[in-house]
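Close look at the chain arrangement
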Amino acid sequence: MASFVKFTINGKTCLAEEGAQLVEAAKENGIYIPTLCNYPGIPPKGSCRICTVLVNGIGQTACTTKVVEGMTVQTSTPELEEFRKSVIEILFAEGNHLCPSCEKSGSCELQALAYRYRVTVPHFPYLFPKRDVEAWHPKLVKDHNRCIQCKRCIRGIRNGKGQALFAFGKRGDKVVINIDPETSRDISDALAQEAMDMCPVGAILRKEKGFDVPIGKRKFDRQPIGSDIQA
Amino acid sequence: MDKIVTAVIKKYGGDETRLMDILIDIQDELGCLSHETTAHIAKALGIPQVDVEQTISFYHFFAREPRGKFTVYLNDSVVAEFCGRAAVQAAFEAAAGCQFGAVSRDGVIGLFHTACIGMSDQEPAALINGQVFTKLTPARAQELVAGMRAGQTLEELKGKKYGDGENANPRVRALVENHIRRRGVMVFDAYQPGAALRKVVTMSSGEIIAMVKAASVRGRGGAGFPTGMKWEFARKAPGDVKYIFCNADEGEPGTFKDRVILTEHPQLVFEGMAIAGYAVGARHGILYVRNEYRYLRAYLEHVLAEMREKTLLGAIIAGKAGFHFDIKLQFGAGAYVCGEESALIESAEGKRGEPRDRPPFPVEKGYLQKPTVVNNVETLCSVVKVLLHGAEWYNRLGTEESKGTKVLSVSGDCERPGIYEVAWGFSVNDILKMAGAHATQAVQVGGPSGSCIGPAEFGRVLAYEDLATGGSLIIIGQQRDLLKDVVLNFTKFFRDESCGSCVPCRALTGMAQIVVERIIAGHGSAQDVANLQAWAAIRKRNRCGLGQTALNPIVTTIRNFRPLYDARLYKGDERFEPGFDLAAAVKDYEAAVASA
Ligand SMILES: Cc1cc2nc3c(=O)[nH]c(=O)nc-3n(C[C@H](O)[C@H](O)[C@H](O)COP(=O)(O)O)c2cc1C
Ligand code: SF4
Ligand code: SF4
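Residues numbered from 1 in each chain as written. Chains lettered and ligands numbered in written order. Predicted model: local features only at pLDDT ≥ 70, side-chain atom pairs only at ≥ 80, totals over all residues. Heavy atoms only, no water.

1. Here we look at the overall build of chain A
Assigned secondary structure in chain A consists of six helices and ten strands. On C-alpha atoms alone, chain A measures out to a radius of gyration of 18 Å, which is about the 17 Å that the 2.2 N^0.38 rule sets for 231 residues. Buried positions account for 55% of the 231 residues belonging to chain A. Taking as baseline every contact in chain A between residues at least 6 positions apart, the subset at least 24 positions apart corresponds to 60%. Accessible surface, chain A: about 10800 Å² in total, of which carbon and sulfur atoms supply 54%. (Helix = DSSP H or I, 4+ residues; strand = E, 2+ residues; numbered from the N terminus. Rg over C-alpha atoms; globule rule 2.2 N^0.38 Å. Buried < 20%, exposed > 50% of the residue type's maximum accessible area, 1.4 Å probe, protein only. Contact = heavy atoms within 4.5 Å. Areas by Shrake-Rupley, 256 points an atom, 1.4 Å probe, with all protein chains shown as cover.)

Below you can see the structure in the form of structure tokens.
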């Protein structure tokens, strides 16, 4: 039988199963911790840093933190909120994000977080990187301009043989996502859709598929991100 | 190609965790790791090709295309620039007939930049096909290129004037000098290999750890973590299989002490690893050495073989039944971040050197998910001496919170760059005097990730409680342009060396570089300086030390050399946006008009 532990978030006493991921445990207790690289059901990576919280006073990513008895968590100090807003702004300035023409507009998590954090003009210099749009794959389009290198696709997408389809290439500010021509060769429409859905932004799109749901009626148009957990 | 790939993979038992070794060996044979070769490796290992590529493309020294019969990697660190690297680069380019980043048309010479190669005491220096060429001049560059074209071998290019000490060992034959300017008792005095091990086997592992704790030995790799505590965690961690890693990645620009220790006293380091193995209950040791020091390979392998022969390694060490410990070498392939202990472990597992999230710490789940101790080269040397002479002896050296000695790598604008082993507690002024530094503008303490201090702080002492340092001091003379020659170079270094995982590390460093370049160009505003300072808060939320310290060169110079920034800020009409550079903004347009 699972044992429950008691801990506090922002002073509120919470209960969760021992060893549960802090992001999920907070959610069950009605507290929203914003995430971007995290995705339910796949191993966490702690790379976007947006879910950084203070655990017993020390900064830690909530997606890689497991709850233990008696821990005190703070999720929204002014410094943390400012930090999150900065990360969102940095991501916009790092890539080339032209929201109005993107198929993911309205269901993009980056865009939705920007709304939640009231991002207007980024306070960081735009890098305007020169990036490719890759369209050689029969079922997928990879728009590197929009990729935020969250690695969800790398960690979460597997073909029928359990092999990865995506991997990082290079390092630093030059990292790119590569698609394996072999392991991605015969993917099903369902897997292609899964990859597109898993991508938080519009960097993985399905070919010959688009605008099924009109702009204005998409996921976050209906319900702002996180508002199902906490206003 | 097929045959070579198959043979190498067979040599490593088709084990994908040995991918680094596999790639290094195959590149040695084939000169590069082409698309075709990669596909073949992936197939033979039964893993996706993109997975092989993600490891290859992470490391600076893995080539996707041929990089020339002779590949020149010229160091572009700050100290190399001080010593005249630009002229050497120009001479190489003129003689070879190609620019850096390319291979000459005849395929003989490839010219490439590389980050600090651990030779700051003898710059400008380059690696040519794995061998180190030091103190280069434009004339020497010309001579080398001529020799390459004339069909000389690498040995002929080197000549016979080998360096001092073991650099002249027939298994090393390096042109490198040790430059040991001051010997201390911890690392650089005479010692009897095996003496400590023979004493250790009469003690229990608990007693050893107690002694290391009593001496309060702290890690010399930079973080200063108590070594005894680290060993105790690993000893108590459940599991039969445990590992001892020695971290010889030494990538911090300006640091070269581990190179000299490994050249002169590898036995001491290996003995320290064996002692750690005994204390922790580990049978396997791995010395992770940066690729830049691969010229020491045959020598280190030989020392290991000798130690096995003397039963200082292997089975029944020093006559103690049940004490088994052996060491293998693992080379990197050019990535500073691999010095971070969890990235080091990832790399040794054949992966990209991306630091891991903690917890779990390596002492709980490290190499191959087993409890692993990672210690710096110098830390392990200190431990050997503690076990030989006792905790009390060790505690007599140093300061209140920093016991023992520190091996310093001193470089830059001074008469005697080199290695100084001093007790903790020496002041920066003391070091400057010993090194023969005059008219010093600034000292970079602890490398780019440390801090840049001015004369007002030269009275501070090197100690964990004051100026903590992994051991490098770069002396910056008054003739240098601190922002352009130093801060910009360091910032670019961190940008290139980020693993690319964390958003604020991957992108913010390059953004800071843009702002610093703007300030240097005279288009900066006071707001730019304020922004750079504010970004420090964002930086500390990165996963590892690299991202956390990447803006230190900027932040510490703003703190200590503010007038240098203020003097360069835009002083024109304040109604306009100073950050806007009209010439740069219309550059493409002008080019288009010009070509039309
Ligand atoms: C970016 C980065 C680079 C590092 N490079 C080195 C290195 O080259 N050598 C080293 O011993 N420690 C390095 N460290 C520190 C290691 O993570 C680790 O703390 C150290 O190896 C532990 O050994 P010690 O306790 O003996 O100091 C580095 C850390 C970071 C964040
Ligand atoms: S393609 Fe999408 S899922 Fe993959 S790393 Fe980029 S943003 Fe993340
Ligand atoms: S801080 Fe930088 S180098 Fe360290 S893990 Fe994050 S991205 Fe990689």
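Here the narrative resumes.
2. With respect to helix α21 (residues 508–520) of chain B
Taking 1.5 Å as the rise per residue, α21(B) with 13 residues should run 18 Å; its terminal C-alpha atoms sit 18 Å apart, in good agreement. Among the 13 residues that make up α21(B), ten are buried, leaving the element largely enclosed by the rest of the structure. Leu508(B), Thr509(B), Gly510(B), Met511(B), Ala512(B), Gln513(B), Val515(B), Val516(B), Ile519(B) and Ile520(B) are the residues of α21(B) that are buried. Buried residues belonging to α21(B) abut α2 (78–94) of chain A together with α19 (482–497), α20 (503–506), α22 (526–539), α24 (552–560) and α25 (562–566) of chain B. (Expected span 1.5 Å × (residues − 1).)

3. Brief notes about the site of ligand 3
Neighbouring residues of ligand 3: 13 residues in total, closest Cys499(B), Ser501(B), Cys502(B), Cys505(B) and Cys544(B). Partitioned by chemical class, the residues of the shell around ligand 3 number seven nonpolar, five polar and one charged. (Near = heavy atom within 4 Å. Nonpolar A, V, L, I, M, F, W, Y, C, P; charged D, E, K, R; others polar.)

4. Let's talk about the nonpolar core
Formed by 121 residues in total, the largest nonpolar core has its most connected members in Ile41(B), Ile208(B), Trp231(B), Ile275(B) and Leu287(B). Per-element accounting of this core gives the leading share, ten residues, to helix α13 (residues 266–280) of chain B. Dropping the residues within four chain positions of it, Ile41(B) is found in contact with Val5(B), Ile9(B), Leu19(B), Leu23(B), Ile26(B), Leu33(B) and Val52(B). One finds Ile50(A), Ala114(A), Phe168(A) and Trp535(B) within the second-largest nonpolar core, a separate group that totals 68 residues. (Core = buried A, V, L, I, M, F, W, Y, C linked by side-chain atoms within 4.5 Å.)

5. A closer look at the packing of helix α2 (residues 19–30) of chain B against helix α3 (residues 35–45) of chain B
Residues and elements named next belong to chain B. Running from amino to carboxyl end, α2 crosses α3 at an angle of 140°, the nearest separation of the two axes being 12 Å. Put simply, α2 runs oblique to α3. The way α2 lies across α3 gives a crossing that is right-handed. Of the residues in α3, those touching α2 at Leu 19, Ile 22, Leu 23, Ile 26 and Leu 30 are Thr 37, Ile 41 and Leu 45. (Axes fitted to C-alpha atoms, helices over the stretch in contact; angles between N-to-C directions. Parallel < 35°, antiparallel > 145°, perpendicular 65-115°, else oblique. Left-handed = near helix turned anticlockwise from the far one by under 90°.)

6. Observations concerning the site of ligand 2
Looking at ligand 2, there are 14 residues lining it, with Cys147(A), Cys150(A), Lys151(A), Cys153(A) and Cys199(A) nearest. For the shell around ligand 2, the residue count by class is ten nonpolar, one polar and three charged.

7. A closer look at the domain arrangement of chain B
Residue and element names in this part refer to chain B. What the domain assignment lists for chain B is domain 1 (2–58), domain 2 (70–160), domain 3 (182–395), domain 4 (406–479) and domain 5 (483–566). Contact with domain 2, which involves six residues of that partner, is made by six residues of domain 5. Note on domain 2 versus domain 5: buried area summed over both sides is about 360 Å², and carbon and sulfur give 70% of it. Its largest share of buried area at the contact with domain 5, domain 2 owes to Val 78, Phe 82 and Ala 115, together 83% of the area lost on that side. On inspection of domain 2 and its partner domain 5, the count reaches zero salt bridges. (Domains from an automatic or database assignment. Buried area = accessible area lost by both parts, 1.4 Å probe. Salt bridge = Lys/Arg side-chain N within 4 Å of Asp/Glu carboxyl O.)

8. Details of the domain arrangement of chain A
All names here are of chain A. Annotation of chain A at the domain level lists domain 1 (4–76) and domain 2 (85–208). For domain 1 versus domain 2, the separation of C-alpha centres amounts to 25 Å. Each side of the interface is counted separately: domain 1 has 14 residues, and domain 2 has 18 residues. Carbon and sulfur atoms supply 67% of the area buried between domain 1 and domain 2, which totals about 1200 Å² over both sides.

9. Focus: the sheet that holds strand β3 (residues 109–114) of chain B
All names here are of chain B. Pairing is mixed in the open sheet, where five strands are placed in the order β2-β3-β1-β4-β5. Two strands in the sheet have a free side with no partner beyond their single neighbour: β2 (102–103) and β5 (131–133). Here strand β1 (residues 70–75) runs beside β3; their pairing, made up of six bridges, is parallel. Paired with Tyr 73 across the two strands is Phe 112, which belongs to β3. Running over the sheet, helix α6 (residues 85–96) touches β1 and β3 and is turned about 160° from β3. Contacting β1, β3, β4 (126–128) and β5, helix α7 (residues 138–149) crosses the sheet at an angle of about 140° to β3. (Pairing = 2+ DSSP bridges.)

10. Quick word on the sheet that holds strand β6 (residues 133–134) of chain A
All names here are of chain A. Strand order in the open sheet formed by three strands is β6-β7-β10, with antiparallel pairing between adjacent strands. What marks the edges here is a single partner per strand, and that holds for β6 and β10 (204–206). The sheet strands contacting helix α5 (residues 189–198) are β7 (140–143) and β10, and the helix crosses β10 at an angle near 145°.

11. Here we look at the side chain of Glu340(B)
Assignment of secondary structure puts Glu340(B) in the loop between β9 (326–331) and α15 (341–348). On the accessibility criterion, Glu340(B) (16% relative accessible area) is buried.

12. Quick word on the interface of chain B and chain A
Across the boundary between the two partners, chain B contributes 39 residues, which contact 44 residues of chain A. Between chain B and chain A the total buried area reaches about 3200 Å² when both faces are included, carbon and sulfur atoms providing 54% of it. Its largest share of buried area at the contact with chain A, chain B owes to Arg506(B), Met511(B) and Arg541(B), together 23% of the area lost on that side. At the boundary of chain B and chain A, one finds seven salt bridges. The closest approach of N and O atoms between Arg171(A) and Glu497(B), which form a salt bridge, is 3.2 Å. For the side of chain B that touches chain A, the residue count by class is 19 nonpolar, nine polar and eleven charged.

13. Some words on the pairing of strand β4 (residues 58–61) of chain A
All names here are of chain A. As defined by bridge partners, strand β3 (residues 52–55) adjoins β4 across four bridges and the pair is classed as antiparallel. The partner of Val 55 across the bridge, within β4, is Ile 58. In sequence, β3 turns back onto β4 through a hairpin of two residues, with Asn 56 there showing a positive phi of about 50°.

14. What about the environment of Asp21(B)?
Residue and element names in this part refer to chain B. With respect to the helices and strands, Asp 21 occurs in helix α2. For the pair Asp 21 and Gly 228, spaced 207 residues apart in sequence, the C-alpha separation works out to 32 Å. In contact with Asp 21, other than residues within four places in its own chain, are Tyr 12 and Gln 330.

15. A word on the confidence of the model for chain B
Taken as a whole, chain B shows an average pLDDT of 96; of its residues, 99% reach a score of 70 or greater. Reported confidences for the modelled complex are a pTM of 0.96 and an ipTM of 0.95. (pLDDT = per-residue confidence, 0-100.)

16. Re the packing of aromatic side chains
Residues and elements named next belong to chain B. Taken as a whole and judged by the stated rule, the model has 13 aromatic pairs over all chains. A ring pair is formed by Trp 424 and Tyr 464, whose centres lie 4.8 Å apart and whose planes are at 40°; its orientation type is tilted. Pair noted here: Trp 424 is in the loop between β12 (418–423) and α18 (428–435) and Tyr 464 is in the loop between β14 (451–453) and β15 (472–477), with a separation of 40 residues, a long-range link. In this structure, Trp 424 and Tyr 464 share a single accessibility class: buried. Every member of this aromatic cluster is reached through a ring pair, and the members are Phe 58, Tyr 59 and Phe 62. The ring centre of Phe 112 lies 5.2 Å from the NZ or CZ of Arg 67, which sits over that ring. Over the ring of Tyr 293 we find Arg 290, and its NZ or CZ is 5.3 Å from the ring centre. (Phe/Tyr/Trp six-rings, centres within 6.5 Å; stacked < 30°, edge-to-face > 60°. Lys NZ or Arg CZ within 6 Å of the ring centre and 35° of its normal.)

17. Describing the environment of Ala90(B)
Inspection of the secondary structure puts Ala90(B) in helix α6. Residues Ala90(B) and Phe100(B) lie ten residues apart in sequence; the distance between their C-alpha atoms is 9.2 Å.

18. Re the environment of Leu136(B)
Residues and elements named next belong to chain B. For Leu 136, the location among the structural elements is in the loop between β5 and α7. On the basis of relative accessibility, which here comes to 4%, the residue Leu 136 falls in the buried class. Taking the C-alpha atoms as reference, Leu 136 lies 9.9 Å from Gln 89; in sequence the two are 47 residues apart.

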